[in-house]
There are 2 protein chains.
Amino acid sequence: MPTTIELESLLRETGLRVTRPRMAVLGAVCEHPHADTGSIIDVTREDFGAVSHQAVYDVLRALTDAGLVRQIQPAGSVARYESRVGDNHHHIVCRACGAIADVDCAVGEAPCLTPSGNHGYVVDEAEVIYRGICPDCSTDYPSEKNDPLRKETSA
Amino acid sequence: MPTTIELESLLRETGLRVTRPRMAVLGAVCEHPHADTGSIIDVTREDFGAVSHQAVYDVLRALTDAGLVRQIQPAGSVARYESRVGDNHHHIVCRACGAIADVDCAVGEAPCLTPSGNHGYVVDEAEVIYRGICPDCSTDYPSEKNDPLRKETSA
DNA sequence: AGCTAACCTTGATCGATTCAAGAAAGCGGA
DNA sequence: TCCGCTTTCTTGAATCGATCAAGGTTAGCT
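K.L.:
Help me understand the protein's contact with DNA strand C in this model?
P.N.:
Near DNA strand C there are 22 residues, and of these Thr 19, Arg 22 and Ser 52 of chain A together with Val 18 and Gln 54 of chain B occur at the shortest range. Take Tyr 57 of chain B: an N or O atom from its side chain is 3.2 Å from a phosphate oxygen of DNA strand C. In this structure, a phosphate oxygen belonging to DNA strand C sits 3.2 Å away from a main-chain N or O atom of Ala 79 of chain B. For the surface near DNA strand C, the secondary structure elements donating two or more residues are α2 (20-31) and α4 (53-65) of chain A together with α4 (53-66) of chain B. A per-class count over the surface near DNA strand C returns 9 nonpolar, 8 polar and 5 charged.

Structure follows, in structure tokens:
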């Protein structure tokens, strides 16, 4: 969890004004990776007092535009935010409880995969979302499925 | 575009009743890959007359559950549907106009990638979404970015 | 200290989807 | 062919996540 000084520096260095809602939201995102907007609103209000929902939406947009925060949205989910940026990491989502964990990208920058046929597109990103069952939701899972020899290299 | 007989067979073989809305929606999805729900409602009504919005939502859910149709939802998009199922293919999305194209999966079944660290999850799917600019939105795009030697194998 | 543009507050609105109650119909069995 | 029943459809209401909008507040620059 970054200090107040660190949060202020992050904001100033990207040309953003230092305001109480911005400090609050950035802190909340740092402390709660992959949180959705409703959770960020709640946490922000618990930790820093009254903040309008519009401010949270605006701040998240500003932080994302500035590259301080990354927005993700796995299929079936609302928008979520994380402060881990710049390494093109992927995510793994639990089908049962919705838990999300980070997965390092083997390449470290986008795009990390090349489509087998790109239809003439200029590809600049390959987003990989792994899905499965997390340890907490799995009482007994077949280990054969984790056999690396049956699958290709990681994204 | 499948014939009426083929659509009926698809429904019967998966234990679904053959109803007019179901025939209509399945036909619409076959004819308009990656269409969103609103488009499917419009097309269904144009081609087959009055159908309630609730029926379309219910039919799409039933067809997806039955495996006849696949739901996708790239980040920033609403739910979309396609009839191409069973081959774990991926998608490429244009950042400018939102166009979506299919990308063959090099493996052909899920999961086609192994996460570099899986946090104890049992992974059963790796969804890959490529993003970039489609030919129609790109007036001149740098060919270097398509250099296959600088990127890893396709998903 | 003053000014200004950016930011925040408050409330309204919208689009996508789900919920809910009752009517309609597909299908199996007689 | 007819009947009954469960599934499906219709219609309208509700919810949720996010955006729009007008006006007040304030961070930062001069």
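Don't stop here, the text continues.
K.L.:
Looking at this model, I keep getting lost on the protein's contact with DNA strand D. Mind explaining?
P.N.:
Not every one of the 22 residues close to DNA strand D is listed here, only the nearest: Val 18 and Gln 54 of chain A together with Thr 19, Arg 22 and Ser 52 of chain B. Within the side chain of Arg 17 of chain B, one N or O atom sits 3.3 Å away from a sugar or linking oxygen of DNA strand D. Those elements that provide at least two residues to the surface near DNA strand D are α4 of chain A together with α2 (20-31) and α4 of chain B. Per-class residue counts for the surface near DNA strand D are 9 nonpolar, 8 polar and 5 charged.

K.L.:
When you look at a negative patch on the surface in this model, what are you seeing that I'm missing?
P.N.:
Taken together, the side chains of Glu 31, Asp 42, Glu 46 and Asp 47 of chain A make up a negatively charged region of the molecular surface. One can find Asp 42 of chain A in helix α3 (residues 37-48).

K.L.:
Can you walk me through α4 of chain A in this structure?
P.N.:
Residues lying three or four places apart along an α-helix face the same way, a consequence of the helix completing one turn every 3.6 residues. Residue and element names in this part refer to chain A. Along its 13 residues, α4 runs 18 Å from first to last C-alpha, staying within 8% of the 18 Å computed at 1.5 Å per residue. When α4 is considered as a whole, its buried residues turn out to be Ala 55, Val 56, Val 59, Leu 60, Ala 62 and Leu 63. Buried residues along α4 cover an arc of 165 degrees about the axis, so they all sit on one side. Looking at α4, the residues exposed on the side facing more than 90 degrees away from the buried face are Arg 61 and Asp 65. Contacts made by the buried residues of α4 are with α1 (4-13), α2, α3 and β3 (80-82). Taken from the residues just after α4, Gly 67 is the one with a positive phi, measuring 85 degrees.

K.L.:
Before we go on, may I ask you to explain the sheet that holds strand β6 (residues 122-133) of chain A in this structure?
P.N.:
As a general point, the strands of a sheet are linked pairwise by backbone hydrogen bonds and lie either parallel or antiparallel. If you walk across this open sheet you meet the 6 strands as β5(A)-β4(A)-β6(A)-β6(B)-β4(B)-β5(B), and the pairing is mixed. Because the sheet does not close on itself, it has two edges, and the strands there are β5 (100-103) of chain A together with β5 (100-103) of chain B. Neighbour-to-neighbour, the strand axes of this sheet turn through a mean angle of 25 degrees, independent of strand direction. Pairing between strand β4 (residues 90-94) of chain A and β5 of chain A: 4 bridges, direction antiparallel. Each residue of the ladder has a partner; that of His 90 of chain A, found in β5 of chain A, is Val 103 of chain A.

K.L.:
Please explain the side chain of Arg 131 of chain B as it appears in this structure.
P.N.:
Along the chain, the position of Arg 131 of chain B falls in strand β6 (residues 122-133). Owing to a relative accessible area of 9%, Arg 131 of chain B belongs among the buried residues under this scheme. Of the polar contacts made by the side chain of Arg 131 of chain B, one reaches the side chain of Glu 127 of chain A; its length is 2.6 Å. The residues contacting Arg 131 of chain B, other than those within four sequence positions of it, are Val 122, Val 123, Asp 124, Glu 125 and Glu 127 of chain A together with Pro 74, Ala 75, Val 93 and Arg 95 of chain B.

K.L.:
Which parts of the structure should I look at to understand the relation of the copies chain A and chain B?
P.N.:
Turning one copy of the chain about an axis and sliding it along that axis gives the other copy, so a rotation and a shift relate them. Aligned on chain B, chain A shows an RMSD of 0.1 Å; the corresponding rotation is 179 degrees and the shift along the axis is 0.0 Å. Such values leave the two copies arranged in the relation of a two-fold axis. The C-alpha atom lying nearest the rotation axis in chain A is that of Val 128 of chain A; the distance is 2.3 Å.

K.L.:
Which parts of the structure should I look at to understand the interface of chain A and chain B?
P.N.:
When the parts of a complex come together, some accessible area is lost, and that lost area is often taken as the interface size. Taken together, the contact pairs 51 residues of chain A with 51 residues of chain B. Between chain A and chain B the total buried area reaches about 4,700 Å² when both faces are included, carbon and sulfur atoms providing 51% of it. At the junction of chain A with chain B, the criterion picks out 8 salt bridges. One salt bridge connects Glu 125 of chain A with Arg 95 of chain B, and the closest N-O pair in it is separated by 2.6 Å. Inspection of the chain A/chain B interface yields 22 residue pairs in polar contact (both at pLDDT 80 or more). Mapped onto the side of chain A that touches chain B, the elements with two or more residues apiece are β4, β5 and β6 of chain A. A per-class count over the side of chain A that touches chain B returns 26 nonpolar, 13 polar and 12 charged. Relative to β6 of chain B, β6 of chain A runs antiparallel, the two sharing 11 bridges.

Criteria and cut-off values
Residues numbered from 1 in each chain as written. Chains lettered and ligands numbered in written order. Predicted model: local features only at pLDDT ≥ 70, side-chain atom pairs only at ≥ 80, totals over all residues. Heavy atoms only, no water. Near = heavy atom within 4 Å. Polar contact = N/O pair within 3.5 Å; in protein donor to acceptor, adjacent residues only side chain to side chain. Helix = DSSP H or I, 4+ residues; strand = E, 2+ residues; numbered from the N terminus. Nonpolar A, V, L, I, M, F, W, Y, C, P; charged D, E, K, R; others polar. Patch = residues over 30% accessible without salt bridge, like charges linked within 9 Å, V, L, I, M, F, W, Y side chains within 5 Å. Areas by Shrake-Rupley, 256 points an atom, 1.4 Å probe, with all protein chains shown as cover. Salt bridge = Lys/Arg side-chain N within 4 Å of Asp/Glu carboxyl O. Lys, Arg positive; Asp, Glu negative; His and termini not counted. Charge placed at Lys NZ, Arg CZ, Asp CG, Glu CD. Expected span 1.5 Å × (residues − 1). Buried < 20%, exposed > 50% of the residue type's maximum accessible area, 1.4 Å probe, protein only. Arc of directions from axis to C-beta. Contact = heavy atoms within 4.5 Å. Pairing = 2+ DSSP bridges. Axes fitted to C-alpha atoms, helices over the stretch in contact; angles between N-to-C directions. Least-squares fit on C-alpha atoms with pLDDT ≥ 70 in both. Buried area = accessible area lost by both parts, 1.4 Å probe.

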